[in-house]
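Given next are the chains, with one letter for each unit.
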Amino acid sequence: GAGVSQSPSNKVTEKGKDVELRCDPISGHTALYWYRQSLGQGLEFLIYFQGNSAPDKSGLPSDRFSAERTGGSVSTLTIQRTQQEDSAVYLCASSFSSGGESEQYFGPGTRLTVT
Amino acid sequence: DAKTTQPTSMDCAEGRAANLPCNHSTISGNEYVYWYRQIHSQGPQYIIHGLKNNETNEMASLIITEDRKSSTLILPHATLRDTAVYYCIVRRLGGGGKLQFGAGTQVVVTP
């Protein structure tokens with residue numbers, strides 16, 4: 001079946017502009033996660049959704065970052081007034097549930113470059 | 001969640017078994033050991049997980065010591081496509097499921 005998809009695959013934006021990154025999880029997966037991976041850095045957790053609710057937003061680096069999920073499916077990560085330090089690969093993952101032992105399936109990521 | 005310690009890198013010859021160690025000496029009773037890998041320019045891929053018993057699937061085997069303070073991921077017959085960064089992650093049940101990635105082990109499989 002179809003895996004997790006993300007769009008766009010690449011995004012170049014100017015400093016100060018807003019960007020939206022989209023994630024389409026695997027059908028039927030109730031949990032959705034956002035991570036980012038900066039050049040030379042490890043993967044860091046940003047936020048996760050169970051259904052349309054976000055019980056844990058602890059990884060969002062600043063209030064310029066926000067995310068929403070609608071219909072228990074698609075999620076959008078929005079970065080306002082982008083800064084150069086926002087340049088990274090943004091990865092989305094989904095799992096059958098957020099509890100239990102469900103493994104996470106990752107998308108290919110969106111590479112964001114802020115110039 | 002408990003932290004993990006892995007070697008920075010290791011090489012493995014194609015066709016041989018690759019044994020990847022992970023130390024998680026502060027693991028709690030309700031924490032699982034998960035392994036993921038990330039091939040260059042791709043998203044991470046789930047490999048295997050376990051609580052205290054050894055586990056095996058089509059990709060790998062996971063050996064967890066009796067005291068649960070360490071584990072070994074075994075790739076039985078490494079191929080060039082197994083070249084990747086391998087992450088050992090300890091994850092608490094009911095903790096929302098977020099994964100906390102460390103630096104992982106860069107595994108290079110050579111012909």
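Up top is the structure these notes are about.
Values in this document were obtained by computation on a predicted structure and should not be read as measured data.

Cut-offs applied
- Residues numbered from 1 in each chain as written.
- Chains lettered and ligands numbered in written order.
- Predicted model: local features only at pLDDT ≥ 70, side-chain atom pairs only at ≥ 80, totals over all residues.
- Heavy atoms only, no water.
- Contact = heavy atoms within 4.5 Å.
- Buried area = accessible area lost by both parts, 1.4 Å probe.
- Salt bridge = Lys/Arg side-chain N within 4 Å of Asp/Glu carboxyl O.
- Polar contact = N/O pair within 3.5 Å; in protein donor to acceptor, adjacent residues only side chain to side chain.
- Helix = DSSP H or I, 4+ residues; strand = E, 2+ residues; numbered from the N terminus.
- Pairing = 2+ DSSP bridges.
- Axes fitted to C-alpha atoms, helices over the stretch in contact; angles between N-to-C directions.
- Disulfide = S-S within 2.5 Å.
- Buried < 20%, exposed > 50% of the residue type's maximum accessible area, 1.4 Å probe, protein only.

Asks: I'm lost on the interface of chain B and chain A in this one. Help?
Replies: Interface size is commonly expressed as the accessible area that is lost once the parts come together. If you look at the interface, chain B gives 16 residues, while chain A gives 19 residues. Here chain B packs against chain A, burying approximately 1500 Å² in sum over the two surfaces, 49% of which is carbon and sulfur. Run the count over chain B and chain A and you get one salt bridge. Notably, a salt bridge pairs B:Lys98 with A:Asp56, separated by 3.1 Å at the nearest N-O pair. The interface formed by chain B and chain A holds six residue pairs in polar contact (both at pLDDT 80 or more) in total. Among the elements of the structure, β3 (31-38), β4 (45-50) and β8 (84-92) of chain B are those that each provide at least two residues to the side of chain B that touches chain A.

Asks: Where do I start with the sheet that holds strand β1 (residues 5-7) of chain A in this structure?
Replies: Strand pairing in a sheet takes place through backbone hydrogen bonds and is either antiparallel or parallel in direction. All names here are of chain A. If you walk across this open sheet you meet the four strands as β1-β3-β8-β7, and the pairing is antiparallel. A single partner strand is all that each edge strand has here, and the edge strands are β1 and β7 (65-69). Within the sheet, the average angular offset between the axes of one strand and its neighbour, ignoring direction, is 15°. Inspection of the sheet shows β1 paired to strand β3 (residues 19-24) by three bridges, in the antiparallel sense. Paired with Ser-7 across the bridge in β3 is Arg-22.

Asks: Would you mind showing me how to read the state of the cysteines here?
Replies: If you walk through the whole model with that rule in mind, you get two disulfides over all chains. Between the sulfur atoms of A:Cys23 and its disulfide mate A:Cys92 the distance is 1.8 Å. One quick way to see it: the torsion about the S-S bond of A:Cys23 and A:Cys92 is about -65°, and its sign makes the bridge left-handed. Taken together, the residues span a long stretch of sequence, with A:Cys23 in strand β3 and A:Cys92 in strand β9 (residues 88-95) at a distance of 69 residues. For the pair A:Cys23 and A:Cys92, one class covers both residues: buried. Put simply, B:Cys22 and B:Cys88 are joined by a disulfide, and their sulfur atoms are 2.1 Å apart. Looking down the S-S bond of the B:Cys22 and B:Cys88 bridge, the torsion is -80°, so its handedness is left-handed.

Asks: Any chance you could explain the pairing of strand β2 (residues 18-23) of chain B here in plain terms?
Replies: Side-chain positions along a regular strand alternate between the two faces of the sheet. All names here are of chain B. Going residue by residue along β2, you find Ala-18, Leu-20 and Cys-22 tucked away on one face and Asn-19, Pro-21 and Asn-23 left uncovered on the opposite face. Across six bridges, β2 lies against strand β7 (residues 70-75) in antiparallel orientation. Residue pairing across strands places Ala-18 opposite Leu-75, the latter belonging to β7.

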